[in-house]
Every structure is written in structure tokens, then in C-alpha cells.
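Close look at the chain arrangement
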Amino acid sequence: MTQSVLIIGARSDIGIAAARAFAAKGYAVQLAARNAPALADDRKDLIARYGAQVSLHEVDALDLSSHEAFVAGLPVLPGVVVCTVGFMGEQKQNETSLAEMARVMRSNFEGPASLFTVLANKMVARGSGTLVGISSVAGERGRAANYVYGSAKAGFTAFLSGLRNRLAKDKTGVHVVTVLPGFVRTAMTQGLDLPAKLTAEPAEVGNAIFKAVEKGKDVIYVRPVWQGIMLAIRKIPEFQFKKMSI
Amino acid sequence: MKLSGWGRFPQAECAVVRPRDVAGVESALARNAGGLIARGNGRAYGDSALNPAQTLDMRGLDRVLAFDEQTGQVVAEAGVLLADLIELFLPRGWFPSVTPGTKFVSLGGAIASDVHGKNHHKHGSFGAFVDWIDVLGSDGVIRRASRDEEAELFGWTVGGMGLTGVILRAALRLTRVQTGWIKQTMRPAPDLATAMALFEQAQDATYSVGWIDCLASGAATGRSLVMLGEHATLSDLTEKQHADRWVEKSRGKKSVPLDFPSFALNSLSVKAFNTLYYANGRRQAGASLIDYDSYFYPLDAILEWNRIYGRTGFAQFQCVIPLKASHAGLTAMLGEIARSGQGSFLAVLKRMGAQDSPFSFPMEGYTLALDFPMRQQTPGLFAELEAIAIDHGGRFYLAKDSLLTPERLRLSDPRVKAFTQMREASGAAARFRSLQSERLAL
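Rules used in this analysis
- Residues numbered from 1 in each chain as written.
- Chains lettered and ligands numbered in written order.
- Predicted model: local features only at pLDDT ≥ 70, side-chain atom pairs only at ≥ 80, totals over all residues.
- Heavy atoms only, no water.
- UniProt positions renumbered as here; feature names shortened; annotations may be inferred.
- Buried < 20%, exposed > 50% of the residue type's maximum accessible area, 1.4 Å probe, protein only.
- Helix = DSSP H or I, 4+ residues; strand = E, 2+ residues; numbered from the N terminus.
- Pairing = 2+ DSSP bridges.
- Phe/Tyr/Trp six-rings, centres within 6.5 Å; stacked < 30°, edge-to-face > 60°.
- Polar contact = N/O pair within 3.5 Å; in protein donor to acceptor, adjacent residues only side chain to side chain.
- Contact = heavy atoms within 4.5 Å.
- Buried area = accessible area lost by both parts, 1.4 Å probe.
- Salt bridge = Lys/Arg side-chain N within 4 Å of Asp/Glu carboxyl O.
- Nonpolar A, V, L, I, M, F, W, Y, C, P; charged D, E, K, R; others polar.

Going by the annotation in an unreviewed UniProt entry, the name recorded for chain B is FAD/FMN-containing dehydrogenase, with Novosphingobium fluoreni given as the source organism.

An unreviewed UniProt entry lists chain A under the name Short-chain dehydrogenase, with Novosphingobium fluoreni given as the organism. For chain A, the Sequence similarities (unreviewed entry) comment in UniProt is given as "Belongs to the short-chain dehydrogenases/reductases (SDR) family."

Quick look at the pairing of strand β14 (residues 224-231) of chain B now. Residues and elements named next belong to chain B. Most of β14 sits inside the fold, with 6 of its 8 residues counted as buried. In this structure, strand β12 (residues 181-189) lies alongside β14, joined through 8 bridges in antiparallel fashion. The partner of Met186 across the bridge, within β14, is Met227. Bridge analysis of strand β13 (residues 207-212) against β14 gives 6 bridges, and the strand direction is antiparallel. What sits directly across from Trp211, in β14, is Leu225.

So, about the sheet that holds strand β4 (residues 37-39) of chain B. Residues and elements named next belong to chain B. With parallel pairing, 3 strands are arranged side by side in an open sheet as β3-β5-β4. Of all strands in the sheet, those with a lone pairing partner are β3 (16-17) and β4, marking the two edges. Where β4 lies against strand β5 (residues 55-57), 3 bridges are found, and the strand directions are parallel. Each bridged residue has a counterpart across the sheet, and for Arg39 the counterpart in β5 is Asp57.

Next up on the list: the packing of aromatic side chains. Residue and element names in this part refer to chain B. By the definition in use, this model includes 22 aromatic pairs over all chains. Judged by centre distance (4.8 Å) and plane angle (80 degrees), the rings of Tyr207 and Phe296 are edge-to-face. With Tyr207 in strand β13 and Phe296 in helix α9 (residues 292-296), this residue pair connects regions lying 89 residues apart in the sequence. Side by side, Tyr207 and Phe296 carry an identical accessibility label, which is buried.

A few words on the side chain of Arg59(B). Residues and elements named next belong to chain B. Looking at the element boundaries, Arg59 is found in the loop between β5 and β6 (64-67). At 3.5 Å, the side chain of Arg59 and the side chain of Asn41 are in polar contact. Here Gly79 takes part through its backbone oxygen, which lies 2.9 Å from a polar atom of the side chain of Arg59. Those residues in contact with Arg59, other than ones at most four positions away along the chain, are Arg18, Gly40, Asn41, Gly79, Leu81 and Asp84.

Attention now goes to the interface of chain B and chain A. In this complex, chain B contributes 19 residues to the contact, which on the side of chain A involves 20 residues. Summed over both sides, the interface of chain B with chain A buries roughly 1700 Å², with 41% coming from carbon and sulfur. Our enumeration of links across chain B and chain A arrives at 3 salt bridges. In this structure, the salt-bridge partner of Arg20(A) is Asp62(B), at a minimum N-O distance of 2.9 Å. For the pair chain B and chain A, the interface holds 10 residue pairs in polar contact (both at pLDDT 80 or more). Those elements that provide at least two residues to the side of chain B that touches chain A are β3, β6 and α2 (82-89) of chain B. For the side of chain B that touches chain A, the element with the highest residue contribution is β6(B), accounting for 4 residues. Classifying every residue of the side of chain B that touches chain A by side-chain character gives 11 nonpolar, no polar and 8 charged.

Shown next as C-alpha cells:
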């Protein structure tokens with residue numbers, strides 16, 4: 001039987017890169033996003049590149065009440081789910097507009113957690129599956145530069161870790177992978193001067209996701225250098241950290 | 001963010017927008033007032049794809065939209081790299097019909113520069129295999145341009161350095177091949193006249209290119225290694241190569257870890273390298289079978305090789321001299337380079353075939369390309385070389401250029417006037433601008 005992957009947030013650079021990595025290995029691909037018809041060219045791309053089987057699905061991560069129906073409406077319950085849903089917003093706005101702040105928190109945490117809850121339960125019933133959550137190194141310590149986004153990602157990282165624990169402990173056959181990409185050259189980081197050694201291309205992230213699923217990894221940093229950087233950042237004593245701008 | 005071309009000179013602080021789709025490009029253009037330039041993978045050497053006010057990073061548009069297994073026509077967005085096309089379609093028996101010396105160029109960049117390859121004498125430039133392009137114009141309208149429809153826009157855009165509009169998509173014809181291997185024949189030439197005679201005798205070879213020792217002087221002026229190539233057929237392969245017919249076994253990439261200190265490349269080290277390289281080539285004269293990467297893209301194996309020139313970067317000089325004046329012009333230029341003692345080991349000589357395009361670089365004759373580390377005396381040397389090229393009816397490759405002046409460009413190329421008139425009349429001049437177009441008053 002053909003294996004299948006569902007990409008939630010497929011209009012993102014990382015989502016498409018993941019779709020390509022799985023399609024290249026023969027997976028059938030379900031692309032889900034808001035305004036799914038806009039994915040028509042990405043569907044063509046996966047067909048022209050890999051002869052993949054591709055279907056498009058409408059999903060709104062923020063509309064929790066629609067999530068059960070969304071999953072029920074998929075052609076098959078996929079073997080692998082990659083959720084790249086996320087929204088950074090503007091930190092300055094997030095500091096003053098409660099609506100913006102809530103949108104960032106809901107997009108990065110509540111929405112993805114809700115979708116994964118529905119999918120995890122279905123996968124447990126089936127007895128197999130892998131859920132891949134794209135979280136962020138920004139969630140490892142709150143910083144002035146993006147703490148609203150970072151705190152939401154911290155919540156999502158903790159959610160993934162707890163879900164992984166629950167599913168592994170009970171030997172459900174369902175596995176959870178946490179992906180911490182670090183800097184990635186995407187639309188979200190356009191125009192930023194990112195250090196080349198720390199910045200991954202979307203394709204690199206896509207391939208890393210595929211490999212992590214194949215090898216049953218728990219947590220991956222796409223570029224290993226980030227593991228050391230985040231370790232160092234976590235070790236800085238709070239009385240110092242609070243005065244720093246990093 | 002700070003951007004430069006492949007030569008790392010000049011550098012400029014540019015506001016970069018990275019759209020993911022055509023709608024994103026349209027809205028960037030609609031919001032833009034001061035002009036913008038599209039940028040592919042940054043492989044033009046100078047300032048062709050830099051605009052401080054707004055640079056459009058087209059790498060987000062990299063969808064392959066269709067592929068016809070019968071004709072080899074691929075339809076793709078401008079940000080796709082030739083490397084992507086090779087990885088996808090070589091295992092299905094197709095190879096780019098024309099490829100420059102790096103596979104890390106974008107489709108849009110290859111069209112905008114109308115790049116050429118080792119088969120120019122036989123098959124023409126990249127544009128010869130482009131069936132149509134979709135171009136977003138200054139008026140916000142997307143036009144499909146081909147040799148039949150919007151033919152004028154097609155002509156100006158192929159080789160138009162992104163200055164007619166934003167190339168969004170293109171249809172490109174690939175060439176059928178039986179393997180990913182190349183039959184190479186290496187012929188040493190002790191001087192320029194012999195090298196040119198070898199090129200003239202090799203008009204039927206699919207590929208031909210020469211490495212030229214630009215520091216050799218006297219009787220050895222212009223000594224070269226001329227490398228001819230043909231796509232290998234299945235029956236040409238050894239058993240081991242047969243098992244890797246499409247050259248898919250990955251080879252490790254080396255990269256230059258740090259900027260070389262600028263004294264690493266001096267006339268003595270380059271002279272020593274060139275002497276050894278030529279001697280080695282002479283020993284290896286004759287036929288061999290090598291993979292396409294080693295034949296077409298030897299430098300791609302060393303990622304970031306542009307860093308060997310150090311922090312100040314480098315400039316590349318590339319001109320083409322019409323056939324009749326080629327020997328005299330090349331001799332004069334090689335003399336000037338040898339005198340300056342500044343040449344690099346990356347110097348290329350190539351016979352070009354006839355081409356008649358509104359604004360593309362190639363014409364029938366010989367093209368010489370070489371790098372110079374960016375130093376105080378470099379602009380002066382370029383001015384000397386440019387004067388010689390102009391005296392011999394030559395012209396310059398804008399995809400490599402970072403130092404030309406508007407006056408010398410116009411002296412070298414009477415087509416500039418019509419190009420700038422077209423830019424004014426179409427409204428492109430106000431919307432599509434690069435540091436290069438401003439420097440050259442295009």
C-alpha cells in the first residue's frame with residue numbers, strides 16, 4: 001500500500017519542502033492549508049517532479065470546531081502528519097494588541113495542539129502513525145525580541161513532549177517528532193541578515209524531517225550547531241539574561 | 001540585508017522581499033515605487049541583481065509545473081535551479097540543452113543573462129531552448145512572450161538582465177541523453193594560434209572549451225588545454241559506470257572554509273599553479289570518460305570557491321571578440337594581463353557561434369573570461385582590457401560585469417541605444433532597476 005503524508009500548513013516554505021521530501025520517496029501527499037485552491041501549482045509541482053498522488057484540503061487551524069470534520073474528510077488517515085502551522089506576527093504589535101497576541105499564541109500552540117489531539121486519537125485507534133510538530137528554538141527561552149511567539153512555541157514544544165510520553169508509555173505504536181529548525185531562509189525571515197552557518201534552506205529542513213521520521217527520532221535540531229547555542233542560552237543566569245539583548 | 005553577486009564585489013545593503021508565488025510578486029511590484037530588480041541564486045558576478053531599495057528574491061518561486069516526457073519540455077517557475085532540473089530529469093534521460101559553468105543558476109537568471117555553455121558554437125545560447133516566458137511588466141500585466149507572440153518582449157527579455165520586467169515562468173526544452181557521462185578529449189596547445197586552430201577543427205564537437213594560461217608570455221602566450229566533449233552513450237560506459245548510469249551516487253562536496261588571506265593568490269603562486277596544471281593536462285592528453293559534474297561544473301564541487309579571493313572579492317572580465325579580430329585582440333589582451341602579473345588560474349577561452357539577438361552577449365568569435373582579485377589596480381587593468389576589446393570590435397558580458405562605464409558600454413555595443421529607448425517607452429526604466437543598470441545608465 002502507498003504510504004501517505006499529511007502536511008498541515010502546506011502554503012509555508014517548510015511545508016512544501018517536507019511535501020517534496022516525502023513525495024520523492026513515493027508517498028501520497030495530502031496538502032492542507034487555508035485557501036487550499038491556492039495550492040494548485042504546488043500540486044502540479046509534486047506531480048511533475050515525482051509523479052506523486054496529491055490531494056488538497058481546506059483547514060483552518062484556528063477553527064477548533066472544524067478539526068474533527070477535517071480529519072474525517074481526508075481520503076485516508078495518513079501514516080505521517082507534518083504540522084508547519086505557525087505565525088510570528090510583529091513583536092511590537094504583539095506587545096500592545098491583545099488580539100494580535102492571542103492570534104500568535106493560538107496559531108502556534110492552540111491550533112496545532114488541537115489538530116494533533118484529533119489525529120493522535122485516530123492513530124492510536126489504528127495502532128500506528130507519526131506526528132511531526134515544527135516548533136522553534138525561540139521556545140527554549142523567552143527573549144524580548146519575540147517572547148509572544150516564543151512562549152507559544154514553548155507551549156507547543158511541551159505539548160509535543162507530553163504527547164510523545166503518553167503515546168510511548170502506553171505502547172500505542174504512534175510516535176511524535178519535535179523539529180526545531182533554527183533560522184530558515186523562508187518568507188517568514190525575508191530581509192533579515194541571517195548568519196549563513198546557522199541558516200538552513202527549506203529543502204534541508206524537509207529532508208531532515210523525512211530522516212527524523214524514518215529513524216524514529218524524538219527531537220531534532222535541523223542544524224546541529226543550534227543544540228549547543230540553545231544549551232548555552234539556557235545556561236545564562238536569569239539576573240544576567242534579563243539585561244541582555246540577544 | 002547585505003547582498004553581493006558571486007564576485008562579492010560590490011556589496012550593498014538591500015531591502016529583500018521573498019515572495020512565494022506570482023501573487024506575491026505582483027503585490028511587491030504594486031507596492032513598490034522606486035524600482036526593483038529580481039534576483040535568482042546570486043550567481044551573476046557583479047551588481048546585476050542588487051537594488052538597495054528593493055530586491056526580489058525569486059527563490060521562493062521554484063515550482064516545476066509540467067514536464068512532457070515526449071518532447072522534454074519543462075515548464076517551471078523562475079526560481080528553479082538548473083541543479084534541480086538535472087536532479088529531477090537526468091535520471092529520466094534529459095539534460096539541460098545549454099548549461100553555464102555552474103548548475104546553481106536559476107532558470108530566470110539564466111534567461112535574463114542568456115547564458116551560454118560549451119556548446120555555444122553548435123547550439124547557441126540558453127535562450128535558443130526557451131519556448132516561452134511569462135513576464136510581469138511595469139504596468140502590472142503578465143504577458144506570455146515567445147518567438148510568435150509578444151516577440152519583441154521575448155527578444156529584449158532574453159539577455160535583458162531583468163530590466164524588461166520580472167520573469168515569472170518559462171518553458172524550456174531539455175535534450176535527450178543516454179547517460180550522465182561525458183566523453184572528454186583533452187588537447188594541449190602550446191600557444192594561442194594552436195588553441196584557435198584546435199577550436200576551428202572541432203566545430204562538429206558538441207562541447208568545446210579551453211583553459212588558458214593567462215600568465216604565460218613570449219612564445220608560450222595563450223597556451224591552453226582544449227577540452228572537447230560528447231554525451232556518452234550506454235555502449236561507451238564501463239561496467240562500473242553502467243551501474244551508475246545517471247551519476248546519482250553522491251560525491252562529497254568540499255567547501256572553502258574561510259576567506260583566503262589576499263596574499264594567498266599572487267602572481268608567483270598562480271604562475272606555479274598554471275605551469276603545473278598545463279603540464280598535468282599534457283600528460284592526460286587524449287580521451288577519457290568523466291561524469292557530467294566533473295566536466296561541466298568542476299568548480300561547483302568546491303562550494304563557495306569565490307572565497308579564495310578573500311574579503312575584498314573579485315571581478316571577472318569577459319568579452320567576446322569577432323572572429324576576424326580574435327587572434328589580434330586576444331594576443332593584445334594576454335600581453336596586457338601577463339604584463340600586469342595579475343591574472344588568475346580560472347581563465348577560460350571559448351569559440352562562440354553566430355548569434356543575432358537584440359541584447360544578448362554572444363556573437364561569433366572568441367570569448368575570454370578570467371577573474372581578478374579586487375585590488376586598487378584592478379579597475380585600471382580592466383580599462384586597458386576594455387579598450388583593447390573595443391578596438392577589436394568586441395563586447396562585454398553583463399552577467400560578469402561590475403566595473404564597466406556607460407561610455408565604454410556604448411562604445412562596445414551599438415544595441416544599447418535601442419535597449420534604453422525600449423526601456424523608456426515601455427515604462428520598464430522607471431520600475432526595473434539594478435545597481436548595474438544605474439551604473440551603466442541602461
